[in-house]
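Chain residues, written in single-letter form:
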Amino acid sequence: MDMKYEVKTSEVLGRYLVAARDLRAGERILSDQPFVLGPSSDTSLVCFNCYLPLINKFHVCKFCAVAPICPGDGCPDELAKWHVQKECDFFRELKLNSGLSPIKMVQNVGSLLALRVVLQKNNNAKGWQEFIKLETHLDKRRNSSVWEFYENTVKFLESLGLSENDDDQNLVQKVCAAIDVNSFEVRGPPIPTLGYAETLRGIYLQAALLAHDCVGNTLISINDNNVLLCHASQDIKKGDTIFYNYTDPLKGTALRQEHLLVGKYFQCTCTRCTDETELGTYISSARCPACKTGYVSKKGETWICNSCKEQADDSVIGYKVKCCTDKFEVINKKDERELEEYIRNVSLVLAPNHYLLIDAKQRLAGVLRDAINREPKPTKKMMRRKLDLCQELLPVLEVLSPGISRTKAITMYELHLAIVQLGKKLFNTRELTAPKYLDELLCAEKHLKKSLEMLLIEPGNSPEGQLCSKALEQYRMLKNDMSNILDGIHEEGKVYVTEIDNETLNDVD
């Protein structure tokens, strides 16, 4: 058997994975079935069998007369079923002996995942032994607000008799902690007519051992069968730690650290977190108020300029960043003018790649994409603006999400589309000659091919997998357009010689 990883243990990382051999970018490292899957603790009511949202009404399982399930024709055949026979028998016995009611289950739907984990203790002993070894940081949670929050789950499971014979008095709290610290978000099944779905949480016992780094070397996706797939996002050498980024790479260090402390109970000390410039991207930096050209980055409680070395107090720069944050929260993020005004004003205060500006630019690119696709005669100005935004985002993504990246693939796809749309418009108005237009399409092809290389590993029915199918069709049409233009050039008795550089030519060969 070709083992691609092995489990190591350290005082800092606990149990973690390292490459058992050299791994190539795009290579699948592991495939993991969920140990358990269920709704979040703050969920609305979902079917206990298939996890479809139950909006207006529900039926109860006809065998146990307790579990809320889909009304009408029942759960769709294609969805996985989670109300298994042993659970049904358990509920039925409680119904008969202690009067367990469907209403009690509805009121405690947020405790369903913890309930199903505890039931695994007797139903899946091997999986339970692996689960109980997962990190919980229980001592850090004890007597906190989150501990108090889960007391309702403790009381509910105790009322079902699930912890009365256990030696560990904090078993349910430990289970809830292990879920919080180690679970992955999973898209729940959407209601077909509405598209509405609840976010689920899954425990994947192999993937839970992935260590964190704010510049990870893996890409994780979960397919429609709820199987977690972990691919190498860049080459990993034998013996290197396999990292997954638990955070949003396009957030600043302070926000990432807060997310990790609150949700994962540790402080990250990776290369990016210990570099105030965040690997030279200055994604958390502001413009220097002294020299006006440099960027001030926070080090401790002071901000230091990378150019003039002047220091600024946190009360000054921190206040400016907070004002920019507050403003971003109240603007209409679907309005082109408001986004443009925000970017224009905030660019006077923050570094060009600040995470607030990155967020605003991503949203603006999306607004422009929708407008270009919607309007019968989109303007060249809109197309150029979208193209510029994509080009501004890519260098930051290359640094913070090196190798294969979902966000980078989408950005490259949108960049290719902007180049094609603008080139076609300019060619049709005779502002571009046929050879120049072909140069533009070659450039677009380069970005589309790189996007496709990254999207091909995505599950087919995921949004990214669907984009991959769309991109493949776009690639076919693009090659056809390029062939037609080249034929037209030859028909005029001309020879086409590209003016794009050799590196680009090599990329598209």
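Because the structure is predicted, anything quoted here is derived from the model rather than measured. (Residues numbered from 1 in each chain as written. Predicted model: local features only at pLDDT ≥ 70, side-chain atom pairs only at ≥ 80, totals over all residues. Heavy atoms only, no water.)

Asks: Residues and numbers for the environment of Pro53, please.
Replies: Mapped onto the secondary structure, Pro53 falls in the loop between strand S4 (36-39) and strand S5 (59-60). Residue class for Pro53 comes out buried when judged on its relative accessible area of 8%. Here the alpha-carbon distance between Pro53 and Phe328, two residues 275 residues apart in the chain, equals 32 Å. Apart from residues no more than four positions distant in its own chain, Pro53 is found in contact with Leu45, Val46, Pro189, Ile191, Tyr196, Ala197 and Glu198. (Helix = DSSP H or I, 4+ residues; strand = E, 2+ residues; numbered from the N terminus. Buried < 20%, exposed > 50% of the residue type's maximum accessible area, 1.4 Å probe, protein only. Contact = heavy atoms within 4.5 Å.)

Asks: Describe the environment of Leu17, listing the residues and the values that go with them.
Replies: Position of Leu17 relative to the elements: it lies in strand S2 (residues 14-19). C-alpha separation for the pair Leu17 and Ser31, spaced 14 residues apart in sequence, amounts to 14 Å. The contacts of Leu17, once residues within four sequence positions are left out, are Tyr5, Glu6, Val7, Leu30, Gln206, Leu209, Leu210, Asp240, Thr241 and Ile242.

Asks: Give a description of a nonpolar patch on the surface that names residues and reports values.
Replies: A surface patch of nonpolar side chains, amounting to about 310 Å² of accessible area, comprises Ile55, Leu194 and Tyr196. Tracing the backbone through its elements, the reader meets Ile55 in the loop between S4 and S5. (Patch = residues over 30% accessible without salt bridge, like charges linked within 9 Å, V, L, I, M, F, W, Y side chains within 5 Å. Areas by Shrake-Rupley, 256 points an atom, 1.4 Å probe, with all protein chains shown as cover. Salt bridge = Lys/Arg side-chain N within 4 Å of Asp/Glu carboxyl O.)

Asks: Please give an account of the confidence of the model for the chain that cites residues and values.
Replies: This prediction gives the chain a mean pLDDT of 93; 97% of its residues lie at or above 70. Note that pLDDT drops below 50 for residues 502-509; the model gives that stretch 11 contacts with residues more than four away or on any other chain. (pLDDT = per-residue confidence, 0-100.)

Asks: Describe the sheet that holds strand S14 (residues 295-299), and please don't skip the residues or the numbers.
Replies: The strand order across the open sheet formed by 4 strands is S13-S14-S15-S16, and the pairing between neighbours is antiparallel. Only two strands of the sheet have a single partner each, and these edge strands are strand S13 (286-287) and strand S16 (311-313). With 4 bridges connecting them, S14 and strand S15 (residues 302-305) associate as antiparallel partners. Along S15, the bridge assignment pairs Ser297 with Ile304. Each of S13, S14, S15 and S16 is contacted by helix H10 (residues 314-330), which is oriented at about 70° to S16, the strand it contacts most. (Pairing = 2+ DSSP bridges. Axes fitted to C-alpha atoms, helices over the stretch in contact; angles between N-to-C directions.)

Asks: Account for the side chain of Gln173, naming residues and giving values.
Replies: One can find Gln173 in helix H8 (residues 171-182). Ignoring sequence-local partners within four residues, the contact set of Gln173 consists of Leu138, Trp147, Tyr150, Glu151 and Val154.

Asks: Break down the packing of helix H14 (residues 406-428) against helix H16 (residues 463-491) for me, citing the residues and quoting the values.
Replies: With their axes 12 Å apart at the nearest point, H14 and H16 run at an angle of 30° to one another. Viewed along their axes, H14 and H16 adopt a mutual orientation that is roughly parallel. Crossing angle aside, the handedness with which H14 passes H16 is left-handed. Only Glu464, Leu467, Lys470, Ala471, Gln474 and Leu478 of H16 make contact with H14, whose side of the interface consists of Arg406, Ile410, Tyr413, His416, Leu417 and Val420. Considering only residue class, the contact of H14 with H16 consists of 7 nonpolar, 2 polar and 3 charged. (Parallel < 35°, antiparallel > 145°, perpendicular 65-115°, else oblique. Left-handed = near helix turned anticlockwise from the far one by under 90°. Nonpolar A, V, L, I, M, F, W, Y, C, P; charged D, E, K, R; others polar.)

Asks: Give me the packing of aromatic side chains: which residues, what numbers.
Replies: Overall, the coordinates contain 12 aromatic pairs when judged by the stated rule. Look at Tyr244 and Tyr246: their rings are 6.2 Å apart centre to centre, the planes differ by 50°, and that puts the pair in the tilted class. Seen from their ring centres, Phe427 and Tyr437 are 4.7 Å apart, and the 20° between their planes marks the pair as stacked. One end of the pair, Phe427, is in helix H14; the other, Tyr437, is in helix H15 (residues 434-455), and 10 residues separate them in sequence. Exposure remark for Tyr437: the relative accessible area of 6% places this residue in the buried category. The cationic tip of Lys264 hangs over the ring face of Tyr246; the distance from NZ or CZ to the ring centre is 5.4 Å. One cation-aromatic arrangement involves Lys333 over Phe328; the distance from NZ or CZ to the ring centre is 4.9 Å. (Phe/Tyr/Trp six-rings, centres within 6.5 Å; stacked < 30°, edge-to-face > 60°. Lys NZ or Arg CZ within 6 Å of the ring centre and 35° of its normal.)

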